[in-house]
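# Secondary and tertiary structure notes
Each chain, written out:
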Amino acid sequence: MLDIIPIHAFQDNYIWTLHNRQHAAVVDPGDAAPVRAHLDAHRLKLAAILCTHHHGDHVGGVRELAQVYNVPVYGPQLENISCVSHPVAEGDVIAIAELNIRLDVLDIPGHTRGHVAYLGMGAVFCGDTLFGCGCGRLFEGTMAQLHHSLQRLASLPDDTRVYCAHEYTEANIRFALACEPGNAQLKKRQAEARTLRAAGLPTLPSSIALEKATNPFLRCTEQEVIQNAGREAGLELASGNEMTVFTALREWRNRFS
Ligand code: ZN
Ligand code: FE
C-alpha cells in the first residue's frame, strides 16, 4: 500500500513523499534536512527524486540527497537542474520499481519554461502550476502556455488528487471570492480550508473536480468571473475570449492582497 504524505519545508512548501513503509520517493525536495530527518525517523530508503521545475525552493535539497542516497533524479529536460540524472519530458514514463509505480510525465510550461507534472495512481504532482484555488505566477513562459497547461490539468479525471507544492489555498480562496462572490462551493471550500488550517493540517490534496468548481483560473467562461475580471481590467470582456479573461485574472491576482 502506497501512502503520500507531506514533508514541510520553508514557510509553506510541501515535499510530497510517496512511500510503502520501506522505500520512498520525494517530489521537489527544496531542503534536504527535513527529508533526511523523516526518512531516518521512519526507516525509509530513498528510491527516487522527482523535480517539477528548477526553482530553488523545489530543488535546493537535491544535490545533498542524491549524494547521500545515490538515487536517480528525474527533472524537466528543458531546464538546467544540476544532478538530474534522468531528464524527462511529455510522453515519458517513469518506473519506480521499489514502489511498484509508474508515473507519466506531462509538460505544463508557464510558471517556468520546462515545468513538468507527474501523473499516476490517480494523483498528479503539479509543482507551482496549479495551486489549491489558484495558479502559479508566470515567470518564464507565455500566458497562452500557462492557460493551456491549466486546461490540460483540468482535463484529467475529476477524481484525480491534486498535490501542489505550496500551501496557498486560503489566500487563493480570498481572491477567488473576489472573482466569484456568488459561488456557493467556494464558500464551502473556504470554511473547510479554515478548519483544516486551524488544526494545522494541509488543505491538499484537492481534486480536479473541486478545482474546476472553485478555481477562477479554470472558470474563465463563467459570467461572474468574466464581469469581475473585466471590471478590474477596465475592459469590456466578452465570453468566448477565454485568453483575455485568463490574462486579466492573472494580472489582477498579481495586484491583489
Ligand atoms: Zn516555482
Ligand atoms: Fe515554489
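For the structure given in this document, a descriptive report is provided here. Along each chain, numbering runs from 1 in the same order as the chain's sequence is written. Whichever chain is written first becomes A and whichever ligand is written first becomes 1, with later ones labelled in order. This being a predicted model, a pLDDT of at least 70 is required before a residue's local features are given, and a value of 80 or more before pairs of side-chain atoms are given or counted; all residues contribute to the totals for chains, interfaces and linings. Based on all heavy atoms of the structure, the side-chain values leave hydrogens and waters out of the count.

## Side note on the coordination of the iron ion (ligand 2)
Metal coordination here is assigned from N, O and S atoms located within 2.8 Å of the ion, or within 3.2 Å for Na, K and Ca; omission of water means that sites may look incomplete. In the first shell of the iron ion (ligand 2), the protein supplies Asp57 (OD), His58 (NE2), Asp128 (OD) and His166 (NE2), at 2.1 to 2.3 Å from the metal. Any coordination sphere not matching a tetrahedral pattern (four donors, all angles between 85 and 135 degrees) or a square planar or octahedral pattern (four or six donors, opposite donors over 155 degrees apart, other angles between 65 and 115) is reported as irregular. The site at the iron ion (ligand 2) holds 4 donor atoms, and with the angles between them running 83 to 168°, its shape is irregular. Site description for the iron ion (ligand 2): donor spacing in sequence, D-H-x69-D-x37-H. The distance between the iron ion (ligand 2) and the zinc ion (ligand 1) comes to 3.3 Å, with Asp128 serving as a donor to both metals. Taken together, the positions of His58 in helix H2 (residues 56-59) and Asp128 in the loop between strand S10 (123-127) and strand S11 (130-131) put the pair 70 residues apart, joining distant regions of the chain. Only protein chains enter the calculation, and the probe is 1.4 Å; a residue is then buried if its accessible area is under 20% of its type maximum, exposed if over 50%, and partly exposed in between. Assessed through its relative accessible area of 0%, His58 is described here as buried. Only DSSP runs of H or I covering at least 4 residues are called helices, and only runs of E covering at least 2 are called strands; the numbering of each starts at the N terminus.

## Quick word on the coordination of the zinc ion (ligand 1)
His53 (NE2), His55 (ND1), His111 (NE2) and Asp128 (OD) make up the full set of protein donors to the zinc ion (ligand 1), lying at 2.2 to 2.3 Å. Angles of 86 to 170° at the metal separate the 4 donor atoms of the zinc ion (ligand 1), which places the site in the irregular class. Positions of the donor residues of the zinc ion (ligand 1) along the chain correspond to the pattern H-x1-H-x55-H-x16-D.

## Focus: empty space enclosed by the protein
A water-sized probe, rolled over the atoms, reveals where empty space remains. Each cavity reported here is a set of points on a 1 Å grid over the protein atoms alone in which a 1.4 Å probe fits but cannot get out, each pocket an open set with protein on both sides within 12 Å along at least five of seven lines, and each lining residue one with an atom within 4 Å of a point. Grid points are joined across faces, edges and corners, and a volume is the space filled by probe spheres set on the points. Tallied over the entire structure, the rule returns 1 cavity of 30 Å³ or more. The volume enclosed by the largest cavity comes to roughly 30 Å³. Around the largest cavity sit Tyr14, Trp16, Val27, Asp28, Thr52, Phe125, Cys126, Gly127, Tyr163, Cys164 and Ala165, which together line it. At the level of elements, strand S2 (13-19), S10 and strand S13 (161-164) are the ones that each hand at least two residues to the lining of the largest cavity. Tallying contributions element by element places S10 first for the lining of the largest cavity, with 3 residues. Each residue belonging to the lining of the largest cavity can be placed in one class, and the counts come to 8 nonpolar, 2 polar and 1 charged. Just so you know the grouping, Ala, Val, Leu, Ile, Met, Phe, Trp, Tyr, Cys and Pro go in nonpolar, Asp, Glu, Lys and Arg go in charged, and all remaining residues, Gly too, go in polar.

## Focus on the packing of aromatic side chains
The rule is short: rings of Phe, Tyr and Trp, with Trp giving its six-membered ring, pair when the centres are within 6.5 Å, and they are stacked under 30 degrees, edge-to-face over 60, tilted in between. What the rule picks out here adds up to 9 aromatic pairs. A centroid spacing of 6.0 Å and a plane angle of 20° characterise the contact between Phe175 and Phe217, whose relative ring orientation is stacked. Remark: Phe217 occurs in the loop between helix H7 (208-214) and helix H8 (223-233) and Phe175 occurs in helix H5 (residues 169-179); sequence separation between them is 42 residues. No difference in accessibility class separates Phe175 from Phe217, as the two residues are buried. Between the aromatic rings of Phe217 and Phe246, the centroid separation amounts to 5.8 Å while the plane-to-plane angle is 75°, which identifies the pairing as edge-to-face. Pair noted here: Phe217 is in the loop between H7 and H8 and Phe246 is in helix H9 (residues 242-255), with a separation of 29 residues, a long-range link. Aromatic ring contacts, followed pair by pair, group Phe175, Phe217, Phe246, Trp252 and Phe256 into a single cluster.

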